[in-house]
Amino acid sequence: MEIFVQSVVSGVLTGSLYAMIAIGLTIVFGVMRIINLAHGEMVMLGMFGAYWSYTLWGIDPFVSILIWSPLMFLVGMAIHRFLLRDVIPKGELNTLLYTAGLSLFVANLALFFWTGDYRTLNLPYAQWPVRPFGIAVPIALAIAFCMAIAITTALYLLLSRTDIGRAIRATAQNSQSAALMGVNVKRIDTITFGVGTALAAAAGVLLVPSLYLYPTVGEILITKCFVIVVLGGLGSVPGAIAGAILLGLVESLGAVYVSVAYKDTIGFVLFLLVLLFRPSGLFGVGRS
Amino acid sequence: MSHKSKILAVLSLSLALSSGGLAQETLKIGAPQPMTGPDAPFGDKFQKAYSMAVEEINAKGGVNGRKIEVIIEDHQAKNPLAATVAEKLITQNQVLVLTGGRASGQAVEIASVAQRLKTPYMVDHPSADIITSKGFEWVFRNNPTGSIYPEAFNKFIVDVPGAMPKSAAVVYDNTVFGKTIANSVMTFLKSKNVPIVNDEAYPVNSLDFKPIMTKVKGNNPDFVLLVAVSTTDAILMTRHAKEMGVAPRAFVGFGGGFGVVDFAKQLGPLSENVFSSAAWSGNPNEAATKEFYAKFKAKYGFLPKEHEVEGYAAIYIIADALKRAKLTGNVDADREAVRQSLLQTDMTTVFGKIKFGNWDGPLGDKYTNQNTYSREHSVLAQWKAGELLNVWPKSNAETGYVFPDVALVR
């Protein structure tokens, strides 16, 4: 029983961090219908930001998230406004290739400046886990989980209660009707991309005390998140969260009860099964 | 001048110039290494080791008056890329001999290419037995094989009273390296009737070891044996094992990741008392080896371990072979000459004695051109206060061992 609870706890905790990365990806797709292959690199930049601000200035990553997330929001907006906005109307394939190129560019720029050495961020207060009821809960991961919930709640409030949030949802539903209702679609696109990037960076900051970082870490993370986003339904935020937690749980339980070597396979089999019965994902909107 | 004689003049001039240039041409050694990607820190170690050896040899006049040069090509720890860059080094750069590779997965590819394109490959670090047990006459190896790695650990549990494990959990990566080592360890343990309670292969470069460690904890093993070809896996595995509360009498790590200084740097107190098997880096009780450690530390600021010593020794072995070989300038003939020369190798480096031969490994693999002294090149080391020190066998020990491990779950 203890093993089962431990697996569930570990799966949910890990899944929550995947969720943060996936939400950013899915929002950008929902509003702009573009698949941002450079999303993993935005996470990587957040991770490095947290690493440097901790190593150079001693700022705890759970505090520096307040610096990096807004900063990356601006960076995201700039990337959209100056790099992506004029490429998007030229077609989905062009945009896809463009973001792929951007991903390579950012990853290699980071490699050039920060070298291929992998680094870890060790928080002195997070050395040993807490053990409520004998279940090991790593401290850094637990704090990250709570902050991820807080950020997701804030996002939910933004999307449902504010005008900008409503404008974003309207553009995601139907950009032409939204324009007719007076929404400045171009501005909303830029803001949404900024939000997506800010979320990615926030996920990176939260992840870095529990993982390791090097310039090409984006590759590994983004593959998992694509599966999650499609599993949950492209464009659906609840879908991304559900997909992430589900995948985290399945991998954790699958590793313990079925086989460690095949844990990724189990995740993919689940993915295929869901798509078989619900082609647009768990919470998918059904649009192409 | 007529048109014909102009051409003749140009041709003879260029011939004269090129043959004059040949005498000053460097002797090229090719080395595929991971310079970017998750294994980049290892590539960096080899680069430092090679350049130190090259500098020293060239400063003493080179090999028969010619300078040597190591050309490193990045394979990013990807197997197909390793084959590609090996081919490039052989066909485009026209190297006389290859070394390097780093991980066994890549080395297997490089060995195939070297054998096919008839270029000697002097393996300095990759350990999978299969590299020297396919009967490839163009492949040589100085370092011990994966099945020899655990020899010192095997001796430890047999010789030290009470050290025989009552049960063992074996967690290993799913690459050629991981499977070879795990197989070797498990075969020995089974021969001593030790029950293997966990036999887990994980995908290399995993992000999360908590599920595996939860499973391992459930079986409460007496010993936990961890195999990791990648440093990030070694570090994350150990961290998650301790976080999940796995508390065996000993953690034993096999693989490069457990033998590098980053292990202790990133894990801090979590690395205390973890054993590292196979980190043979020369006998620290020998004068020449001690001198090399001091020289290396003075130049680069950290103590060399297995990778640096192997890389350094490899260049010296190759230089020795190049010296004895009769080089004519014809690349194909020269490569054969180097191969013949390597077969006659009989020397001592800071790594240890070396003589290539054909013999049978501990698991029955038939080795060709494997260092006949390899069985002596296995040592059990332990992490103590951030330093990796040899603890067994006593002749190679730098300090006493700590067993059982008491500093675990809080």
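Residues numbered from 1 in each chain as written. Chains lettered and ligands numbered in written order. Predicted model: local features only at pLDDT ≥ 70, side-chain atom pairs only at ≥ 80, totals over all residues.

J.: In this structure, what is going on with the overall build of chain A? I would like to understand it.
T.: In terms of regular secondary structure, chain A is built from 11 helices and 0 strands. The linear arrangement of helices and strands in chain A, starting from the amino end, is α-α-α-α-α-α-α-α-α-α-α. For 288 residues, the compact-globule formula gives about 19 Å, and the C-alpha radius of gyration of chain A, at 19 Å, lands near that figure. Structurally, chain A occupies a C-alpha span of about 60 × 50 × 35 Å along its principal axes. Each of the 288 residues in chain A was classed as buried or not, and the buried ones make up 50%. Restricting to contacts in chain A with at least 6 residues of sequence separation, those with at least 24 account for 77%. (Helix = DSSP H or I, 4+ residues; strand = E, 2+ residues; numbered from the N terminus. Rg over C-alpha atoms; globule rule 2.2 N^0.38 Å. Buried ≥ 20, exposed ≤ 12 C-beta atoms within 10 Å, placed from the backbone. Contact = placed C-beta atoms within 7 Å.)

J.: When you look at the interface of chain A and chain B in this model, what are you seeing that I'm missing?
T.: Bring the parts together and some accessible area is lost; that lost area is often taken as the interface size. If you look at the interface, chain A gives 29 residues, while chain B gives 29 residues. Within the residue set of the side of chain A that touches chain B, elements represented by two or more residues are helix H1 (2–32), helix H10 (237–258) and helix H11 (263–277) of chain A. Classifying every residue of the side of chain A that touches chain B by side-chain character gives 15 nonpolar, 10 polar and 4 charged. (Nonpolar A, V, L, I, M, F, W, Y, C, P; charged D, E, K, R; others polar.)

J.: What is the right way to read the environment of A:Gln6 from this model?
T.: Relative to the elements of secondary structure, A:Gln6 occurs in helix H1. The buried category is assigned to A:Gln6, around which 25 C-beta atoms lie within 10 Å. Considered as a pair, A:Gln6 and A:Gly24 are 18 residues apart in the sequence and their alpha carbons are 28 Å apart. For A:Gln6, the residues in contact, after removing those within four places along its chain, are A:Ile135, A:Ala136 and B:Thr214.

J.: Hey, could you run me through the nonpolar core in this one?
T.: For soluble globular proteins, the rule of thumb is that nonpolar side chains tend to be buried together. A:Ala19, A:Ala22, A:Leu213 and B:Leu225 are the most contacted members of the largest nonpolar core, which totals 208 residues. Take this core: its biggest share by element is 15 residues, from H1(A). Aside from chain neighbours lying at most four places away, what touches A:Leu213 is A:Met44, A:Met47, A:Phe48, A:Tyr51, A:Tyr118, A:Arg119 and A:Val208. (Core = buried A, V, L, I, M, F, W, Y, C linked by C-beta atoms within 7 Å.)

J.: What exactly am I supposed to notice about the packing of helix H6 (residues 163–173) of chain A against helix H8 (residues 185–207) of chain A here?
T.: Packed helices, taken two at a time, are described by the angle between their axes plus the distance between the axes. All names here are of chain A. Close contact between H6 and H8 brings their axes to 10 Å; oriented N to C, the two are set at 100 degrees. Here H6 lies roughly perpendicular to H8, going by the angle between them. Residues Ile-164, Ala-167, Ile-168 and Thr-171 of H6 form the contact with H8, whose participating residues are Val-185, Ile-188, Ile-191 and Thr-192. Classifying every residue of the contact of H6 with H8 by side-chain character gives 6 nonpolar, 2 polar and no charged. (Axes fitted to C-alpha atoms, helices over the stretch in contact; angles between N-to-C directions. Parallel < 35°, antiparallel > 145°, perpendicular 65-115°, else oblique.)

J.: I keep staring at the sheet that holds strand E15 (residues 380–384) of chain B and nothing clicks. Help me out?
T.: Pairing between sheet strands relies on hydrogen bonds along the backbone, with the strands arranged either parallel or antiparallel. All names here are of chain B. The mixed open sheet is built from 7 strands, whose spatial order is E7-E6-E8-E9-E10-E15-E16. With one partner strand each, in any of the chains shown, strand E7 (196–202) and strand E16 (387–392) form the two edges of the open sheet. Ignoring which end each strand starts from, the neighbouring axes of this sheet average 25 degrees apart. In the sheet, E15 pairs with E16 via 5 bridges, with the strands oriented antiparallel. Its bridge partner lying in E16, Lys-384 is registered against Glu-387. Of the strands in this sheet, strand E6 (168–173), strand E8 (223–227) and strand E9 (250–254) touch helix H8 (residues 231–243), which is tilted by about 155 degrees from E8. (Pairing = 2+ DSSP bridges.)

J.: Looking at this structure, I do not really get the pairing of E7(B). What am I missing?
T.: The side chains of a regular strand alternate between the sheet's two faces. Sheet topology places E6(B) next to E7(B); 6 bridges connect them, and they run parallel. If you follow B:Asp173 over to E7(B), its bridge partner there is B:Tyr202.

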